[in-house]
Amino acid sequence: QVQLVESGGGLVQSGGSLTLSCAASGNIFSINTMGWYRQAPGKARELVAVSNSGGSTNYADSVKGRFTISRDNAKNTVYLQMNILKPEDTAVYYCYLRTFNAALPFWGRGTQVTVSS
């Protein structure tokens, strides 16, 4: 089994910053992609940012220029630096991990990010 432990969520004012962390542990042989999705109330879960094994990254258009994803492969940890936060960034943020050998991705339990106006 794979465990994903997220931390760093909280309440912040508009324009502020937060950093999310997600540490993976367990039966991990080779990680392909790590990243973050989010789900706001009444909305579908959406990609925020992912980091692929080859070093490439993908961001949602809504966060480009404000959020930065980084990864520490030695620690099996992914980070999301979120700057210039907006109220529309309010959501539960889920850590996401896909390995090369598993058919399905793994998900964290989620961490709440609330941005007040």
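Participant: Whenever I open this one, the pattern of salt bridges confuses me. Can you help?
Facilitator: Side-chain pairing between opposite charges can occur once the charged atoms of the two side chains come close. Evaluation of the coordinates by the stated rule reveals 4 salt bridges. For Glu 46, the salt bridge identified is with Arg 38, shortest N-O distance 2.7 Å. Of the residues examined, Glu 46 reaches a relative accessible area of 37% and is grouped as partly exposed. A network of salt bridges, in which partner residues are shared, links Arg 38, Glu 46, Arg 66 and Asp 89.

Participant: It is not clear to me how the state of the cysteines should be interpreted in this structure. Could you clarify?
Facilitator: As used in these notes, a disulfide is a covalent bond between sulfur atoms, one from each of two cysteines. Within the structure shown, the criterion is met by 1 disulfide. Between Cys 22 and Cys 95 runs a disulfide, and the two sulfur atoms are separated by 2.0 Å. Measuring the twist about the S-S bond at about -85°, one finds the Cys 22-Cys 95 disulfide to be left-handed. Placement of the pair is Cys 22 in strand E3 (residues 18–26) and Cys 95 in strand E9 (residues 91–99), with a sequence separation of 73 residues.

Participant: Could you clarify how one ought to interpret the nonpolar core in this entry?
Facilitator: Across soluble globular proteins, you tend to see nonpolar side chains buried next to one another. If you look at the biggest cluster of nonpolar residues, it comprises 28 residues, and the most contacted ones within it are Trp 36, Val 48, Phe 67, Leu 80, Met 82 and Tyr 93. Listed by contribution, the elements that provide at least two residues to this core are strand E1 (2–7), E3, strand E4 (31–39), strand E5 (46–52), strand E7 (67–72), strand E8 (77–82), E9 and strand E11 (111–116). Excluding anything up to four places from it in sequence, Val 48 contacts Trp 36, Tyr 37, Arg 38, Asn 58, Tyr 59, Ala 60, Val 63, Phe 67, Leu 80 and Tyr 93.

Participant: How should the sheet that holds E7 be read in this particular structure?
Facilitator: Sheet strands pair by backbone hydrogen bonding; their relative direction is either parallel or antiparallel. Across the sheet, which stays open at both edges, the 4 strands sit in the order E1-E3-E8-E7 with antiparallel pairing between neighbours. Each edge of the sheet is formed by a strand with only one pairing partner; in this case those strands are E1 and E7. In this sheet, neighbouring strand axes are inclined to one another by 15° on average, regardless of whether the strands run parallel or antiparallel.

Participant: Looking at this model, I keep getting lost on the environment of Ser 53. Mind explaining?
Facilitator: Within the fold, Ser 53 resides in the loop between E5 and strand E6 (57–59). Sequence separation between Ser 53 and Ser 14 is 39 residues; the distance between their C-alpha atoms is 33 Å.

Participant: Explain unusual backbone geometry to me, please; I cannot follow it from the model alone.
Facilitator: Most peptide bonds adopt trans geometry, and most residues besides glycine take a negative phi value. Despite not being glycine, Asn 76 shows a phi value in the positive range, around 50°. Looking at the element boundaries, Asn 76 is found in the loop between E7 and E8. Its identity as a non-glycine residue notwithstanding, Ile 84 has a phi of 45°, on the positive side. Mapped onto the elements, Ile 84 comes out in the loop between E8 and E9.

Participant: What is the right way to look at the packing of aromatic side chains in this model?
Facilitator: How two aromatic rings sit relative to each other is set out by the distance from centre to centre and by the angle between their planes. Tallied over the entire structure, the rule returns 3 aromatic pairs. Pairing Tyr 37 with Tyr 96 gives two aromatic rings, centres 5.1 Å apart and planes at 45°, and the pair type is tilted. Of this pair, Tyr 37 sits in strand E4 while Tyr 96 sits in strand E9, placing them 59 residues apart in sequence. The burial state of Tyr 37 is the same as that of Tyr 96; both residues are buried. Ring geometry for Tyr 96 and Trp 107: centres 5.1 Å apart, planes at 65°, overall edge-to-face. Residue Tyr 96 is found in strand E9, and its partner Trp 107 is found in strand E10 (residues 106–107); the two are separated by 11 residues along the sequence. When its relative accessible area of 10% is taken as the criterion, Tyr 96 is described as buried. The exposure class assigned to Trp 107 is partly exposed, which follows from its relative accessible area of 36%. Chaining the aromatic ring pairs together yields one cluster made of Tyr 37, Tyr 96 and Trp 107.

Cut-offs applied
Residues numbered from 1 in each chain as written. Predicted model: local features only at pLDDT ≥ 70, side-chain atom pairs only at ≥ 80, totals over all residues. Heavy atoms only, no water. Salt bridge = Lys/Arg side-chain N within 4 Å of Asp/Glu carboxyl O. Buried < 20%, exposed > 50% of the residue type's maximum accessible area, 1.4 Å probe, protein only. Disulfide = S-S within 2.5 Å. Helix = DSSP H or I, 4+ residues; strand = E, 2+ residues; numbered from the N terminus. Core = buried A, V, L, I, M, F, W, Y, C linked by side-chain atoms within 4.5 Å. Contact = heavy atoms within 4.5 Å. Pairing = 2+ DSSP bridges. Axes fitted to C-alpha atoms, helices over the stretch in contact; angles between N-to-C directions. Phe/Tyr/Trp six-rings, centres within 6.5 Å; stacked < 30°, edge-to-face > 60°.

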